[in-house]
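Tertiary structure, described
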Amino acid sequence: MKTSWLAGIAFALLSVSPNSGASAADAVVFGTVPIAGTAAARVGKDAGYFEKAGIGLEIANAVQFANIVADIMAGTYNFGTVSVGTAAQAIIEGLPIKIVANTYHSAGEQRLMALSSGPIKTIADLKGKRIGLGGLNNNFQAGIIAQMKEAGVDTSTVTFTLISPPDLPASLRNGVVEAAQINEPGIVGAGDKFKAVIPEPFKPFGENPCNNYVIVRTNWADRNKELVKRFLTAYNRGAELAATDKSLVVKAVMSFSEIPKETLEKMTMPGFGSDLRKESFKATVQGMYDLRFLKRIVTVDEAFWAP
Amino acid sequence: MGSDVPVHGSSQKAEAPLVTGGTQRISRSRAGLTWWQRFGEPALVVLCVIGGWELLTRTGVLPAQDLPPATVIGAAFIGDIQQLRVWEALGATLASWAIGLAASIIVGIPAGLLLGSSRLSYLLFQPSLEFIRTIPSIAALPLLILLLGTRGLELAAAMTFLGAVWPIVIQTMYGVRDLDPTTMDAGRAYGLSRLQLFTRIVLPSALPYIATGLRLGAVVGLLLSVAASLIAGGKGIGFLIVNASFSGVPELVYARIVLTGIMGLGVTLTLVAIESRLLFWHASHRRAVT
Amino acid sequence: MTRLGQAGIGIVVPVVFFSLWWVLSEGSTSPYFPPLRRTLAAFLEIWFFSRFFTDLLPSVGHFLSGLAIGVVAGVVVGTLMGLLPRFSRDVSPMTEFVRAIPTAALVPLGLILFGTGFVMETFLISLAVFFPILVSTTAGVRGVDPVYLEVARSYGLSFADRLWHVIIPAAAPQILAGCRVAIAFGLAATVIANMVASGSGLGFFIVDAQTSFRLPDMWAGLIMIGLLGYLANTAFVLVEHRLLGWHRGWRGATQAARAA
C-alpha cells in the first residue's frame, strides 16, 4: 500500500507541474477492462514503444467503463478506455474529458445471435422476442434497432433485457432470452450452437465504426501536452502493430486474460488502428440521438482533443 | 447451568460461533466429542453436496457448459492456486480488509463508548446511525470510486471500513448501555474513581458486545472487500473472478468463488478461536455455547 | 422522557446533517456532487411518480418477498441448528462457506438457475436475508435458559408446544435482532440483483443513472434506498415493541436485544 501512495504522490506531482519531458520515465496509468479489444496498449508496451518514448506505462484493471471515467476524473488514471456511448454521455453531462485515440473498432467480434436450432432465422423473426444485451441505450442497441426497423420489425414488440456480457451466452443457451448480444470469446465458445441473426450490428454507422476510445481529462491533457503526444505516438504505433500481427495480440491478451490459447487463435479479434474514425463517431452519435439514447448531439470538435 | 441465570446472558450473544459445535444442555465438554463428530461427519456432508453437484451437472439437469461439474471445477482450482497472481490478489483483498477493519476499530470503539455513555448522546445519534447503517455500502461505491480511484487498496479498505464500523459502533454502544447497575453501585461503594470504574467495570462488561461487534464487522468487511474488487476492479480476488468471467471460463470463475468462500471460512474460524480464547472468563462463554 | 420527546431528539442530527449538506453543496460545480436542491428536485420528480411503478414498486415487492422467505427459512433452519448440535456441526461448514461469498458473485448462478426476473431476484435476496437470521436464531435458541425447558418438560408439554410456546418466544429478541441486520443485507441484495441482470428496478435505476452520468438521479436513488431501509427498520422496531414488551430480558436497560 505504501508503494501505491508513493506512486500516487509521484504522479500527482507530475500532473500538476508542467512536464519538461526530460525526466527518466514518466509514470502514466492507463485504465482498461481486460477484454481483447484493449490489447493495443499491451502490444505497444511489449514492443517497448512506451519505454522508448520515456514513459513508464502501468495498465490498471477496471471492470466497467463508467467507473473508468470516475477514475479519470479522480486522477488515478491518466488515460482510460471507454465505449463511444459512455464518452458521449460524459461529455453531454459536462464532464471534462476528450477523446485522444482509437481503442478498437468493430470487426465482427460482437454479433446478435440466436440458437441455431431455434425458430429465429432472420431479422424479421425477432418480432415479439426477448433480446439480451450487455448494455442498454448504447451503440449496439441503436445499431440493431436501426437494422430491425429496416427489416420491417416493430421494435415496440421486442423486450430488451440487460444481462452482464459474460452471462449472455449462458442466458441464450438456457432459454432466458431468445436472442442475445454475444461477444468474443463467447462466439467461439458456442461453436455451431449459435447462429448470427445480425452479424454486423454496427453497420448503420459505417464501415467498421470505432466502438471504444481512449480518453483523457481535458485540463490534465492541456497541461501535459507533450507527454500526451508522446504517449499517443507510442500508443498508435502499438495499435498499428496489433493490426498487422495477430500473434502479438494473442500473446498480449494471454498476459492479462484467462482465455485459452486455442480459443484466442480461433477468435475474431476487434480491429486495431490509429485512425480516429471521426465519421463513424458522428454517425454513431446521430444514430443514438435519433433513438433518444443521447440527450443531444455531440460534435466532433467537442469530443476530440486538439493539442 | 441452572444456577447461572443471567438476565443479559441470552441476549448478549447475538451471534454465537457455530462452527465449533459443542452441546450445551447435555453437559459434554468439547473434549468429549470424537474426531468423527467434529470433523468426519461434517466432511461427509460436504462430500455429499459436491457429489450431488457432480451428479446434477453430469446428467444434464444443470447445464454443464455453464455450471461445470465439481470435478472440472476442482481441476481448475488446483491449477489456479499454483498461480502467483491468485495469491497476490488474495493478499490484496486481505490487506485492504485488515486496513479497513483496523480503521473501523480505531474509530468505532471509541465512538461507541462515547455515544453509549450518555443517555443524551445515545438518543441523539442512535436513530441516525440506524438509518445510515441500512444503506447498503455497495451504494456508496460509485462515490468512493470518484474519491479514491480503483487502482490501489484504498477503495476496498474504505468499503470494508463502511461495512465494519456500524456493527462495531452499535454493539459497543449497547455494551456500554447494558451495564448491570448493581455492579456499578458496588464499584462506587468501594470508592473507585471514574477512570477505575470505566476500566474495571464498564469496559470488561462491554467486552463481549464489542467482541460480537468485531466479529460481525470483520465478516461483513471481508465480504465488502471482495465485492469492491468484483464490481470496481483493482487488485483483489474479486477482480480475478470477473476476469475469468470475461474470459468465458466458468470452471475458473467457480474455482475462484470457492477460493473466496474458503478464505472467508478461514477468517471466521480464526476469529471465533481468538474470541473464545480472549473471553473464556465471561459468563456467556462459560456456558459452553461455544 | 416521553417517546415523542425521544423521537424529537432523534430528528436533530438528520436535520442538522441535511441542512449542512444543502448549504455546502449549493454552489457546487462538481458533476459528482450536485447541489442538494437539484437532487431533491430529481427525487420528487422520479419517485412521485414517473418511476414509481416501473422501478420502485417491483423492487419493493422483490425485497419484501425475499425478506419473508429468508426469515421463514432462516428461523426454521436456525431452530434446527440450535436444537440439534449434531445438525449444526454437520451443516455449519457449508453455511459458513456460502455465507462468505458476496451476493454479486452469485448473480450468474442465479441467472442460470432462474433466468431474469422475479424468481431470480427474490432468490438472491432471500439468500442474503437467510444467513443473519440463521445465525441469530441459532444463537437465540441455544441461549434459551434450560430451566424453562425443564419446567416445560416437567409440566408434560408436547414438543410442539415447547417449541412454539417456550423456545421461540425465548429466542425472539435474538431473532428480531437478526432481522434488523437482515434488512440491511436484503436491501443490498435488492440493489445488486438489479445491477447486472434486469431492465428495471431500484438497483438498475441507480446503476443506469451512474453510467449515464445523471448524477442527481443517482443521488435521488441512493436517498430512496436509505429511506426504504429506514422505513423497514422503523416497522421492525414497532413490531419488536409489540411482540417483546413482555420479555423480561428485553425491557429496561437491556437494549441488548438489538445486539445486532
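Residues numbered from 1 in each chain as written. Chains lettered and ligands numbered in written order. Predicted model: local features only at pLDDT ≥ 70, side-chain atom pairs only at ≥ 80, totals over all residues. Heavy atoms only, no water.

What about the packing of helix α5 (residues 103–114) of chain C against helix α6 (residues 118–142) of chain C?
All names here are of chain C. To keep things clear, this is the line we draw: Here an axis means a line fitted to C-alpha atoms, over the contact stretch when the element is a helix, while the angle between two N-to-C directions is reported on a 0 to 180 degree scale. Only DSSP runs of H or I covering at least 4 residues are called helices, and only runs of E covering at least 2 are called strands; the numbering of each starts at the N terminus. Oblique is the label for any angle not under 35 degrees, not over 145, and not in the 65 to 115 range, which are roughly parallel, roughly antiparallel and roughly perpendicular in turn. By the definition used in this description, the sense in which the near helix is turned from the far one sets the handedness, with an anticlockwise turn below a right angle giving left-handed and a clockwise turn giving right-handed. By definition, residues are in contact when any of their heavy atoms lie within 4.5 Å. Following the grouping adopted for this structure description, the nonpolar residues are Ala, Val, Leu, Ile, Met, Phe, Trp, Tyr, Cys and Pro, the charged ones are Asp, Glu, Lys and Arg, and the polar ones are all others, Gly among them.
Orientation of α5 relative to α6, taken along the N-to-C sense of each, is 140°, at an axis distance of 9 Å. Classified by the angle their axes make, α5 and α6 are oblique. The hand of the α5/α6 crossing is right-handed. Along the contact surface, α5 presents T103, L106, V107, G110, L111 and F114, while α6 presents V119, M120, F123, L124, L127 and A128. Of the residues in the contact of α5 with α6, the class split is ten nonpolar, two polar and no charged.

Let's talk about a nonpolar patch on the surface
Residue and element names in this part refer to chain B. Rules: The patches described consist of residues with a relative accessible area above 30% and no salt bridge, like charges being joined within 9 Å and nonpolar side chains (Val, Leu, Ile, Met, Phe, Trp, Tyr) within 5 Å. Values of accessible area rely on a 1.4 Å probe in the Shrake-Rupley scheme; residue burial ignores everything except the protein chains shown. Basic side-chain nitrogens of Lys or Arg form a salt bridge, by our definition, when they fall within 4 Å of a carboxyl oxygen of Asp or Glu. Exposed residues in this analysis have more than 50% of their type's maximum accessible area, buried residues have under 20%, and partly exposed residues fall in between, with area computed by a 1.4 Å probe over protein chains only.
A surface patch of nonpolar side chains, about 690 Å² in accessible area, is lined by W35, W36, F39, L44, L47 and I50. Mapped onto the secondary structure, F39 falls in helix α2 (residues 35–58). F39 sits in the partly exposed class, given a relative accessible area of 49%.

Focus on the confidence of the model for chain B
Residues and elements named next belong to chain B. Note the threshold: pLDDT expresses, on a scale from 0 to 100, how confident the predictor is about each individual residue.
Predicted confidence across chain B gives a mean pLDDT of 80, with 86% of residues reaching 70 or more. Element-level mean pLDDT values for chain B span from 39 in helix α1 (residues 9–12) up to 93 in helix α3 (residues 70–80). Low confidence marks residues 1–29, where pLDDT is under 50. Its contacts with residues over four positions away, or in another chain, come to 91 contacts. Across the interfaces of the predicted complex, the ipTM metric reaches 0.83, alongside a pTM of 0.84.

Thoughts on the nonpolar core
Note the following rule: To form a nonpolar core, buried Ala, Val, Leu, Ile, Met, Phe, Trp, Tyr and Cys residues must be joined to one another through side-chain atoms within 4.5 Å. Domain start and stop positions are those given by an automatic or database domain assignment.
With 173 residues, the main nonpolar core has V69(A), L126(A), I131(A), M148(A), F281(A), Y32(C) and W47(C) as its most contacted residues. Considering every element that reaches this core, the biggest residue donor is helix α8 (residues 159–196) of chain C, with 15 residues. Here this core spans two domains, and each of domain 1 (4–107 + 208–303) and domain 2 (110–205) of chain A adds at least three residues to it. Within the second largest apolar cluster, 41 residues are counted, among which are V43(A), L227(A), F231(A) and A234(A).

Description of the sheet that holds strand β4 (residues 97–105) of chain A
Residues and elements named next belong to chain A. The condition that has to hold: Each pair of strands is called paired provided DSSP finds at least two bridges between the two strands.
Within the open sheet, the five strands sit side by side as β2-β1-β3-β10-β4. Their pairing is mixed. Edge positions in the sheet fall to β2 (55–61) and β4, since each of these pairs with one other strand and no more. This sheet shows a mean twist of 30° between the axes of neighbouring strands, independent of strand direction. The sheet strands contacting helix α4 (residues 65–74) are β1 (26–32), β3 (79–83), β4 and β10 (210–217), and the helix crosses β3 at an angle near 150°.

Description of the interface of chain C and chain A
Condition: Joining two parts hides part of their accessible area as seen by a 1.4 Å probe, and the buried area is that hidden amount summed over both. Two N or O atoms form a polar contact when they lie within 3.5 Å of each other; inside protein one atom must be a possible hydrogen donor and the other a possible acceptor, and for residues adjacent in sequence the pair counts only when both atoms belong to side chains.
Taken together, the 18 residues of chain C in the interface contact 20 residues of chain A. Note on chain C versus chain A: buried area summed over both sides is about 1600 Å², and carbon and sulfur give 65% of it. Among the residues of chain C in contact with chain A, Y32(C), L111(C) and F213(C) are the three that bury the most area, contributing 33% of the side total. Along the contact surface separating chain C from chain A lie zero salt bridges. For the pair chain C and chain A, the interface holds one residue pair in polar contact (both at pLDDT 80 or more). Broken down by secondary-structure element, the contributors of at least two residues to the side of chain C that touches chain A are α5, α8, β1 (197–198) and α9 (202–211) of chain C. Its residues assigned to classes, the side of chain C that touches chain A comprises ten nonpolar, seven polar and one charged.

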